Amino acid sequence: MSRNIIAACSAALLLAAPFIAPPLFPLAWFAFVPLFWLLNRAESLWQSVFYAWLMGFAAHLAGFHWLVYTITVFGGFPYPASVAIFLVYAALQGLQIAIFGALVRVAGFGPLQIFPALLWVPLEFLFPLLFPWYVANSQVAFSWFIQSADLVGPYGASFIVMWFNAAVYKAAFAPQRERLGSLLPVAYAALAVIVSMVYGYQRLESVGEEMAGAPKLTVASVQANIDVDLKWNPALIKQNLEKHMSLTGQLDAVPLVTWPESAVELWVPERIQVLPRELTPPLKSERANFIFGARSFRGTPGTADFKAFNTAFIADAQGRVLGRYHKQVLLAFGEYLPFAKILSRVPGIPFSDGFTPGDGPRVFHLSRAIRVAPLICYEDLMPDVVRQFVSQTRANVLINLTNDAWYGRSVGPWQHLWLAQSRAIETRRSLLRVTNTGVTSLVNAKGELVQSLPMFTAAVMKSELEILNSETYYVRFGDWFAWGMTIFAAALLLFNLKRALTAGHR
């Protein structure tokens, strides 16, 4: 039993390591090998499920350990409650790999060890995660390999990594008489890796050429570095706003200035037409635009028609509001409280009505040629949300406004960046991330991190963003690959169920 637990925890650490330090990306190619060994040794289906769940549970404990701090500060929970919530969170998120273990146990590994990859993609695609992550994200430092995201989203790279894991397991643990034949799955999986890398090399070249000839947009991103303890203190709102104003006032004339999520801590009426003078920054150019994040509201506070939103606004140099976008995907425990009516009765648990989600993608028009998708907070982690911005609004620039100060001095802000980098590849758009305390950064259409500010530093980053308008296969056709794998997996499981029922009647 202890050896099995060590194997499950080892698998978890191999999986989590690249999400903490991307140069460790090779470890993900072997992370599931100990799990497959455990599934083969397990004496029952339930034992398989337990060891797989243990891997998922431990992987989330290691990979997202900083969430305890976030839950405490962002959600306002007492520290012991935050630890308990984090443990429950990790336990629930571990169910994804638990289900995977059950499916592999039932369906087996199949020809060329490909069944685990077929079964994993639907789980990545359909299983609800608080912070969406994909096995493909572990390969963010392996640029040649992950460029297939513009065809199939993150699921193609995940498929190949999982297939390689299953093939390596077969080669490592096959009986001596089957050792030669066990190398065939490794050869086919390796061929898939090579094909993906060749495609990646070619796309990096062609996208680079497209970027070189594309028009550019100069953007100044203000990182004011307002500590989380200073946010939302009524006595400090003016002081915090002045930090943004001061940094903006030091800028030369630029076409666009961006502030992060919740940079303006005052409540702003949702339909405001002109910003008051104290909220209008000193822009050097009369034709400049200004994007900022704020809490907005509709209706009358204290009444049934009152609604609050996490909003991005765009205004011109005179303070005239040109557009607004309400965040669509809200963060549990921070922006809304799941099961609020039940939890509000538990002593020590804060209660809040929370925010209202927006009703769809909205684009900010800087001109006829430039259309900005104003992603808020962790919306840049969701492939389909970002894809719909590009496909429905024809956005050709991605700007993410976020406040990762809630993650503290941890790897959390960097993880947010690493998980978001794939959105630039999937859509072939520049992704500019404007943050409060870091990591303010620019990811180009090749998925490369080309610019960033130091964390916890008040500074301004001036960037040149390529304006690209081509439509990727993934943007046009969406999650066709993930749906195809889901259909294959469902058919495979139905076949196994029918075979089991037939055998039971004999």
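Asks: Mind laying out the overall build of the chain, listing which residues take part and the relevant values?
Replies: Of the regular secondary structure elements, the chain holds 16 helices and 13 strands. For 506 residues, the compact-globule estimate of 2.2 N^0.38 gives 23 Å, and the C-alpha radius of gyration of the chain, at 24 Å, lies within 12% of that figure. With respect to the three principal axes, the spread of C-alpha positions in the chain is 80 × 60 × 40 Å. Looking at the chain as a whole, 59% of its 506 residues are labelled buried. Taking all contacts inside the chain whose residues are at least 6 apart in sequence as the whole, residues at least 24 apart take part in 72%. Just so you have it, the chain exposes about 21300 Å², and 64% of that area is on carbon and sulfur atoms. For the chain, the centre of its 39 positive side-chain charges and the centre of its 31 negative side-chain charges are spaced 6 Å apart.

Asks: So what about the nonpolar core? Which residues, and what values?
Replies: If you look at the biggest cluster of nonpolar residues, it comprises 133 residues, and the most contacted ones within it are F32, F100 and F131. Per-element accounting of this core gives the leading share, twelve residues, to helix 9 (residues 155–173). Not counting residues within four places of it along the chain, the set of residues in contact with F32 comprises L15, M55, I97, F100, V135, M162 and N165. Listed in part, the 26 residues of the second largest apolar core include A224, M245, A288 and F313.

Asks: Which residues make up unusual backbone geometry, and what values do they have?
Replies: With an omega dihedral of 10 degrees, the bond running from G438 to V439 counts as a cis peptide bond. Mapped onto the fold, V439 is located in the loop between strand 10 (431–435) and strand 11 (441–443). The backbone of S262 shows a phi angle near 55 degrees, a positive value even though the residue is not glycine. Structurally, S262 can be placed in the loop between strand 2 (256–258) and strand 3 (264–269).

Asks: Which residues make up the packing of aromatic side chains, and what values do they have?
Replies: Overall, the coordinates contain 43 aromatic pairs when judged by the stated rule. When the centroid spacing of 6.2 Å and the interplanar angle of 35 degrees are considered together, the rings of F50 and W53 count as tilted. With F50 and W53 both in helix 3 (residues 45–63) and three residues apart, the pair spans about one turn of that helix. Overall, the relative accessible area of 36% leaves F50 in the partly exposed class. Ring pairs connect the aromatic residues F19, F32, F36, F100, F109, W120, W133, Y169 and F173, which therefore count as one cluster. A cation over an aromatic ring shows up here: K231 above the ring of W232, its NZ or CZ 5.5 Å from the ring centre.

Asks: Can you break down the packing of helix 4 (residues 67–75) against helix 5 (residues 79–93) residue by residue, with the values?
Replies: At their nearest, the axes of helix 4 and helix 5 sit 9 Å apart, and the two run at 125 degrees to each other. On the basis of the axis angle, helix 4 is oblique to helix 5. The chirality of how helix 4 crosses helix 5 is right-handed. Mapping the contact onto sequence places L67, V68, I71 and T72 in helix 4 and Y79, S82, V83, I85, F86 and Y89 in helix 5.

Asks: Give a detailed account of the side chain of Q96, specifying residues and quantitative values.
Replies: Along the chain, Q96 falls in helix 6 (residues 95–107). The class of Q96 is buried, set by a relative accessible area of 0%. Side-chain polar atoms of Q96 contact the backbone oxygen of L123, separated by 3.3 Å. Leaving out residues up to four positions away in the same chain, Q96 has contacts with W120, L123, E124, F127, L129 and W133.

Asks: Could you give an account of the side chain of S463, with specific residues and numbers?
Replies: Inspection of the secondary structure puts S463 in strand 13 (residues 459–466). For S463, a relative accessible area of 1% translates into the label buried. A polar atom in the side chain of S463 sits 3.0 Å from the side chain of Q451. Discounting residues that sit within four places of it in the chain, S463 has contacts with L217, T218, V219, L432, L442 and Q451.

Asks: I'd like a description of the pattern of salt bridges, backed by residues and values.
Replies: In the structure shown here, the tally under the stated rule is 14 salt bridges. Across the pair K231 and E265 runs a salt bridge whose closest N-O atoms are separated by 3.9 Å. Of this pair, K231 sits in the loop between strand 1 (216–223) and helix 11 (237–249) while E265 sits in strand 3, and the two are 34 residues apart along the sequence. Relative accessible area serves as the criterion here: at 6%, K231 is assigned to the buried category. The class for E265 is buried, based on a relative accessible area of 2%. A single network of salt bridges, built from pairs that share partners, joins D150, R203 and R428.

Asks: Go over the packing of helix 13 (residues 383–393) against helix 14 (residues 412–427), please, and point to the residues and values.
Replies: Running from amino to carboxyl end, helix 13 crosses helix 14 at an angle of 40 degrees, the nearest separation of the two axes being 10 Å. Considering the angle they form, helix 13 stands oblique to helix 14. Considering the relative orientation of helix 13 and helix 14, their crossing is right-handed. Touching P383, V386 and V390 of helix 13 are R423, E426 and T427, all from helix 14. Grouping the constituent residues of the contact of helix 13 with helix 14 by class yields three nonpolar, one polar and two charged.

Calculation rules
Residues numbered from 1 in each chain as written. Predicted model: local features only at pLDDT ≥ 70, side-chain atom pairs only at ≥ 80, totals over all residues. Heavy atoms only, no water. Helix = DSSP H or I, 4+ residues; strand = E, 2+ residues; numbered from the N terminus. Rg over C-alpha atoms; globule rule 2.2 N^0.38 Å. Buried < 20%, exposed > 50% of the residue type's maximum accessible area, 1.4 Å probe, protein only. Contact = heavy atoms within 4.5 Å. Areas by Shrake-Rupley, 256 points an atom, 1.4 Å probe, with all protein chains shown as cover. Lys, Arg positive; Asp, Glu negative; His and termini not counted. Charge placed at Lys NZ, Arg CZ, Asp CG, Glu CD. Core = buried A, V, L, I, M, F, W, Y, C linked by side-chain atoms within 4.5 Å. Phe/Tyr/Trp six-rings, centres within 6.5 Å; stacked < 30°, edge-to-face > 60°. Lys NZ or Arg CZ within 6 Å of the ring centre and 35° of its normal. Axes fitted to C-alpha atoms, helices over the stretch in contact; angles between N-to-C directions. Parallel < 35°, antiparallel > 145°, perpendicular 65-115°, else oblique. Left-handed = near helix turned anticlockwise from the far one by under 90°. Polar contact = N/O pair within 3.5 Å; in protein donor to acceptor, adjacent residues only side chain to side chain. Salt bridge = Lys/Arg side-chain N within 4 Å of Asp/Glu carboxyl O. Nonpolar A, V, L, I, M, F, W, Y, C, P; charged D, E, K, R; others polar.

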